[in-house]
Amino acid sequence: MTGGRRRAEGDQRTGDQTAGDQTAGEETLGDGTAEFTAHRPLLFSIAYEILGSVADAEDVLSESWVRWHQCDRERVRHPRAYLARIVTRQALNAARAADRRRETYVGPWLPEPLEAADRETGLDHVLTGEAVTTAMLLVLESLTPDERAVFVLREVFDFEYPEIADAVDKSQPAVRQIAHRARAHVRARRPAAVAGPTDAQAVVERFLTAAVTGQVQELMEVLAPGVVYLGDGGGVAPAARRPVEGADRVARMVIGLLAKGATLGEVGFRMTVVNGMPAVVVTLDGDVDNVTCVEVVDGAVTAVYAVRNPAKLEWIRAQPEPPVTAGASDAPAP
């Protein structure tokens, strides 16, 4: 993984420590709140990267907290590994159910936007690195739930095979085979290195300026020839039901969507960072209409991801920052 494997702060485990290790505790753990809170960013990361959904990840953490609160914590020697096991198993159950639902999903499926907002939430480390980009989450979504869980635990968070085997309830040889298949699949489909928000800023500004001013040629100049536009309305909100590919088609579509939006109400926007990429939260008459992420590779826009499904915008709507109304010199996102 680009940027290296991530570890939670304070991780002191060794290679032979497994999630099932339990022994008499030397300290009184109380109700377990301190341990759960300390590891919550890691646990949310695991659940989100397996599921691609903020709401589902939060549900997994809620259920995992109940199980942690009810277990005999005085016998838990390594809370981090034990909690990761609980969360992984709950996330796998949720992933299998979600995969069945997605068989009938209307149009392209995109992960629920995860915004880099208040660092006090403890989620800032979740929002960096290749694994959280929309392109990589779409690759992970193409894996089976077991492959996804093993890949995330091994390649993203550097868990050892005994820990992973315990977390997914499989033998170590089976886990190694699953990891091998998952790595091969990801290598075959892994996207090129996506520029971070700072490196992509100038390109995104050119993209937005050309889009809002309706300059097709200028917009095409910042788009890669094979650029793709994906819109996720979930069959609830209007969105393209198939990927739109090619610089000319994407440019005309983006400009057309902006022009149509201006006829429906007052357009507002705020720049932000979503899934490790530059993004714009777009509002109509003050309500969040969509979140659009712009993917930049080698100085050109290679993908535009627009989430309009209302169910996937609830977390964004809960963020405290008010949107900024677009003025004459501003450039709202598509």
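Up top is the structure.
Below you will find a few notes about this structure. Each chain carries its own residue numbering, running from 1 in the direction its sequence is written. For a predicted model such as this one, the threshold for reporting local features is a pLDDT of at least 70, and the threshold for listing and counting side-chain atom pairs is 80 or more; totals across whole chains, interfaces and linings nevertheless cover every residue. Excluding hydrogens and water, the side-chain values take into account all heavy atoms of the structure.

### Let's talk about the packing of helix H1 (residues 33–51) against helix H3 (residues 79–102)
The condition that has to hold: Fitted lines through C-alpha atoms serve as axes, helices being fitted only where they are in contact, and the angles separating the N-to-C directions of these axes extend from 0 to 180 degrees. What counts as a helix is a DSSP run of H or I of at least four residues, what counts as a strand is a run of E of at least two, and both are numbered from the N terminus. The labels follow the angle: roughly parallel below 35 degrees, roughly antiparallel above 145, roughly perpendicular from 65 to 115, and oblique for the rest. Two helices that cross are described as forming a left-handed crossing if the nearer one is turned anticlockwise from the farther one by less than a right angle, and a right-handed crossing if clockwise. Here, residues are in contact when the closest pair of their heavy atoms is within 4.5 Å. Note on residue classes: Ala, Val, Leu, Ile, Met, Phe, Trp, Tyr, Cys and Pro are nonpolar, Asp, Glu, Lys and Arg are charged, and everything else, Gly too, is polar.
Two numbers describe how H1 lies on H3: the axes approach to 9 Å, and their chain directions differ by 30°. By the angle between their directions, the pair H1 and H3 is classed as roughly parallel. Here the hand of the crossing between H1 and H3 comes out right-handed. Residues Glu-35, Phe-36, His-39, Leu-42, Leu-43, Ile-46, Ala-47, Ile-50 and Leu-51 of H1 touch H3, and the partners they reach there are Pro-79, Arg-80, Leu-83, Ala-84, Val-87, Thr-88, Ala-91, Ala-94, Ala-95 and Arg-102. In the contact of H1 with H3, the residues fall into 14 nonpolar, two polar and three charged.

### Notes on the packing of helix H5 (residues 145–156) against helix H6 (residues 161–168)
H6 packs onto H5 with a crossing angle of 150° between their chain directions and a minimal axis gap of 10 Å. Taken together, the axes of H5 and H6 lie roughly antiparallel to each other. Crossing of H5 over H6 shows right-handed handedness. Here Ala-149, Val-150, Leu-153 and Arg-154 of H5 come into contact with H6, specifically with Tyr-161, Ile-164, Ala-167 and Val-168. When the residues that make up the contact of H5 with H6 are grouped by side-chain class, the tally is seven nonpolar, no polar and one charged.

### Quick look at the side chain of Arg-73
The line we're drawing: For every residue, the accessible area obtained with a 1.4 Å probe (protein chains only) is divided by the maximum for its type, and the residue is called buried under 20%, exposed over 50%, and partly exposed between those limits.
Locating Arg-73 in the fold gives a position in the loop between helix H2 (54–70) and H3. For Arg-73, a relative accessible area of 10% gives the class buried.

### Quick notes on the environment of Phe-207
Tracing the backbone through its elements, the reader meets Phe-207 in helix H8 (residues 197–212). Considering only alpha carbons, one finds Phe-207 and Val-294, 87 residues apart in sequence, at a separation of 9.0 Å.

### Details of the pattern of salt bridges
Put simply, the rule reads: Here a salt bridge means any side-chain nitrogen of Lys or Arg lying within 4 Å of a carboxyl oxygen belonging to Asp or Glu.
Applying the stated criterion across every chain, the model contains 18 salt bridges. Among the salt bridges present, the one from Glu-63 reaches Arg-67, with a minimum N-O distance of 3.1 Å. Of this pair, Glu-63 and Arg-67 both sit in helix H2, separated by four residues, roughly a single helical turn. Arg-252 is the salt-bridge partner of Asp-248, the closest N and O atoms lying 3.0 Å from each other. With Asp-248 and Arg-252 both in helix H10 (residues 247–264) and four residues apart, the pair spans about one turn of that helix. Ionic contacts of the salt-bridge type, sharing partners, join the residues Asp-99, Arg-102, Glu-141 and Arg-148 into one network.

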